[in-house]
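Inside the fold
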Amino acid sequence: MPNNPCARKAMRKAEKARLRNRAVKTSLRTVVRKVNDAIATGDAAMTVDATKLATKKLDQAASKGYIHRNKAARLKSRMAKRVNKAAATAAK
(Lines give C-alpha, C1' and ligand atoms only; values in the text may rest on other atoms or scores of the structure.)
Protein backbone atom coordinates (compact mmCIF):
# COMPACT_ATOMS: atom_id res chain seq x y z
CA MET A 1 0.00 0.00 0.00
CA PRO A 2 1.14 3.54 -0.68
CA ASN A 3 2.51 5.42 2.29
CA ASN A 4 1.91 9.03 1.31
CA PRO A 5 -0.75 11.06 -0.51
CA CYS A 6 1.26 11.37 -3.72
CA ALA A 7 1.72 7.62 -3.93
CA ARG A 8 -1.99 7.07 -3.29
CA LYS A 9 -2.89 9.46 -6.09
CA ALA A 10 -0.36 7.81 -8.41
CA MET A 11 -1.94 4.46 -7.67
CA ARG A 12 -5.41 5.80 -8.48
CA LYS A 13 -4.18 7.31 -11.73
CA ALA A 14 -2.37 4.12 -12.72
CA GLU A 15 -5.52 2.07 -12.14
CA LYS A 16 -7.61 4.41 -14.28
CA ALA A 17 -5.01 4.30 -17.04
CA ARG A 18 -4.82 0.50 -16.84
CA LEU A 19 -8.58 0.16 -17.26
CA ARG A 20 -8.65 2.67 -20.11
CA ASN A 21 -5.74 0.95 -21.90
CA ARG A 22 -7.37 -2.42 -21.44
CA ALA A 23 -10.66 -1.22 -22.94
CA VAL A 24 -8.95 0.33 -25.95
CA LYS A 25 -6.79 -2.71 -26.63
CA THR A 26 -9.82 -4.99 -26.35
CA SER A 27 -11.74 -2.90 -28.87
CA LEU A 28 -8.73 -2.95 -31.23
CA ARG A 29 -8.58 -6.74 -31.08
CA THR A 30 -12.31 -6.82 -31.84
CA VAL A 31 -12.11 -4.62 -34.95
CA VAL A 32 -9.11 -6.54 -36.29
CA ARG A 33 -10.96 -9.81 -35.69
CA LYS A 34 -13.95 -8.43 -37.61
CA VAL A 35 -11.67 -7.75 -40.58
CA ASN A 36 -10.36 -11.31 -40.43
CA ASP A 37 -13.90 -12.68 -40.21
CA ALA A 38 -14.98 -10.57 -43.18
CA ILE A 39 -12.03 -11.88 -45.19
CA ALA A 40 -12.93 -15.44 -44.24
CA THR A 41 -16.54 -15.03 -45.38
CA GLY A 42 -15.44 -13.54 -48.69
CA ASP A 43 -17.81 -10.57 -48.51
CA ALA A 44 -15.94 -7.78 -50.28
CA ALA A 45 -18.15 -4.91 -49.12
CA MET A 46 -18.01 -5.98 -45.50
CA THR A 47 -14.23 -6.43 -45.77
CA VAL A 48 -13.75 -2.89 -47.08
CA ASP A 49 -15.95 -1.38 -44.36
CA ALA A 50 -14.28 -3.38 -41.60
CA THR A 51 -10.83 -2.45 -42.91
CA LYS A 52 -11.66 1.26 -42.95
CA LEU A 53 -12.97 1.12 -39.40
CA ALA A 54 -9.99 -0.90 -38.15
CA THR A 55 -7.54 1.50 -39.80
CA LYS A 56 -9.27 4.47 -38.22
CA LYS A 57 -9.32 2.88 -34.76
CA LEU A 58 -5.67 1.86 -34.97
CA ASP A 59 -4.65 5.37 -36.00
CA GLN A 60 -6.67 6.88 -33.15
CA ALA A 61 -5.13 4.53 -30.61
CA ALA A 62 -1.65 5.33 -31.88
CA SER A 63 -2.23 9.08 -31.81
CA LYS A 64 -3.55 8.91 -28.24
CA GLY A 65 -0.60 6.79 -27.15
CA TYR A 66 -2.49 3.62 -26.30
CA ILE A 67 -0.29 1.66 -28.69
CA HIS A 68 2.97 2.59 -30.38
CA ARG A 69 2.67 4.15 -33.83
CA ASN A 70 4.93 1.48 -35.34
CA LYS A 71 2.68 -1.26 -33.95
CA ALA A 72 -0.34 0.42 -35.52
CA ALA A 73 1.51 0.66 -38.83
CA ARG A 74 2.55 -3.00 -38.63
CA LEU A 75 -0.99 -4.17 -37.89
CA LYS A 76 -2.43 -2.05 -40.71
CA SER A 77 0.18 -3.33 -43.15
CA ARG A 78 -0.46 -6.97 -42.32
CA MET A 79 -4.20 -6.40 -42.48
CA ALA A 80 -3.87 -4.75 -45.90
CA LYS A 81 -1.82 -7.69 -47.16
CA ARG A 82 -4.53 -10.12 -46.07
CA VAL A 83 -7.27 -8.00 -47.64
CA ASN A 84 -5.37 -7.64 -50.94
CA LYS A 85 -4.60 -11.35 -51.05
CA ALA A 86 -8.25 -12.20 -50.46
CA ALA A 87 -9.34 -9.73 -53.15
CA ALA A 88 -6.87 -11.21 -55.63
CA THR A 89 -8.06 -14.71 -54.84
CA ALA A 90 -11.69 -13.69 -55.24
CA ALA A 91 -10.93 -12.03 -58.58
CA LYS A 92 -9.51 -15.24 -60.03
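Anyway, here's the lowdown on the structure attached to this text. (Residues numbered from 1 in each chain as written. Predicted model: local features only at pLDDT ≥ 70, side-chain atom pairs only at ≥ 80, totals over all residues. Heavy atoms only, no water.)

**Overview of the overall build of the protein**
- A tally of helices and strands in the protein yields 3 helices and 0 strands.
- For the protein, the α and β elements follow one another from N to C terminus as α-α-α.
- Relative to the compact-globule value of 12 Å for 92 residues, the protein shows a C-alpha radius of gyration of 18 Å, a clear excess of over 25%.
- The principal-axis extents of the C-alpha atoms in the protein amount to approximately 65 × 20 × 15 Å.
- Here the protein holds 92 residues, and 21% of them are scored as buried.
- Counted over contacts in the protein with a minimum sequence separation of 6, partners at least 24 positions apart contribute 50%.
- For the protein, the exposed area adds up to about 7,000 Å²; of that, 56% sits on carbon and sulfur atoms.
- Of the side chains in the protein, 25 bear a positive and 5 a negative charge, and the two mean positions are spaced by 11 Å. (Helix = DSSP H or I, 4+ residues; strand = E, 2+ residues; numbered from the N terminus. Rg over C-alpha atoms; globule rule 2.2 N^0.38 Å. Buried < 20%, exposed > 50% of the residue type's maximum accessible area, 1.4 Å probe, protein only. Contact = heavy atoms within 4.5 Å. Areas by Shrake-Rupley, 256 points an atom, 1.4 Å probe, with all protein chains shown as cover. Lys, Arg positive; Asp, Glu negative; His and termini not counted. Charge placed at Lys NZ, Arg CZ, Asp CG, Glu CD.)

**Quick look at a positive patch on the surface**
- Taken together, the side chains of K25, R29, R33, K34, K71, R74, R78, K81 and R82 present a region of like positive charge at the surface.
- When residues of the positive patch are traced back to their parent elements, those giving at least two are α1 (5–41) and α3 (69–91).
- Top element by residues in the positive patch is α3. It accounts for 5 residues.
- Looking at where K71 falls in the secondary structure, it is placed in helix α3.
- For K71, a relative accessible area of 36% puts it in the partly exposed group. (Patch = residues over 30% accessible without salt bridge, like charges linked within 9 Å, V, L, I, M, F, W, Y side chains within 5 Å. Salt bridge = Lys/Arg side-chain N within 4 Å of Asp/Glu carboxyl O.)

**Considering the nonpolar core**
- With 15 residues, the main nonpolar core has L28, V35, L58 and I67 as its most contacted residues.
- Secondary structure elements with two or more residues in this core: α1, α2 (44–64) and α3.
- The element best represented in this core is α1, accounting for 6 residues.
- What L58 contacts, discounting residues up to four positions off in sequence, is L28, I67, A72, L75, K76 and M79. (Core = buried A, V, L, I, M, F, W, Y, C linked by side-chain atoms within 4.5 Å.)

**Concerning α1**
- Its 37 residues place the ends of α1 54 Å apart at the C-alpha level, agreeing with the 54 Å of an ideal helix rising 1.5 Å per residue.
- What α1 keeps buried is the set V24, L28, V31, V32, V35, A38 and I39.
- Looking at the buried side of α1, the elements it contacts are α2 and α3. (Expected span 1.5 Å × (residues − 1).)

**Some details on the side chain of T51**
- Its location among the elements puts T51 in helix α2.
- With near-sequence residues (within four places) excluded, T51 lies in contact with V35, M79 and V83.

**Some words on the packing of α1 against α3**
- Close contact between α1 and α3 brings their axes to 10 Å; oriented N to C, the two are set at 15°. The angle between the axes of α1 and α3 places the two elements in the roughly parallel class. For α1 against α3, the interelement crossing comes out left-handed. In this structure, α1 contributes V32, V35, N36 and I39 to the contact, and α3 contributes M79, R82, V83 and A86.
- Residue composition of the contact of α1 with α3, grouped by class: 6 nonpolar, 1 polar and 1 charged. (Axes fitted to C-alpha atoms, helices over the stretch in contact; angles between N-to-C directions. Parallel < 35°, antiparallel > 145°, perpendicular 65-115°, else oblique. Left-handed = near helix turned anticlockwise from the far one by under 90°. Nonpolar A, V, L, I, M, F, W, Y, C, P; charged D, E, K, R; others polar.)

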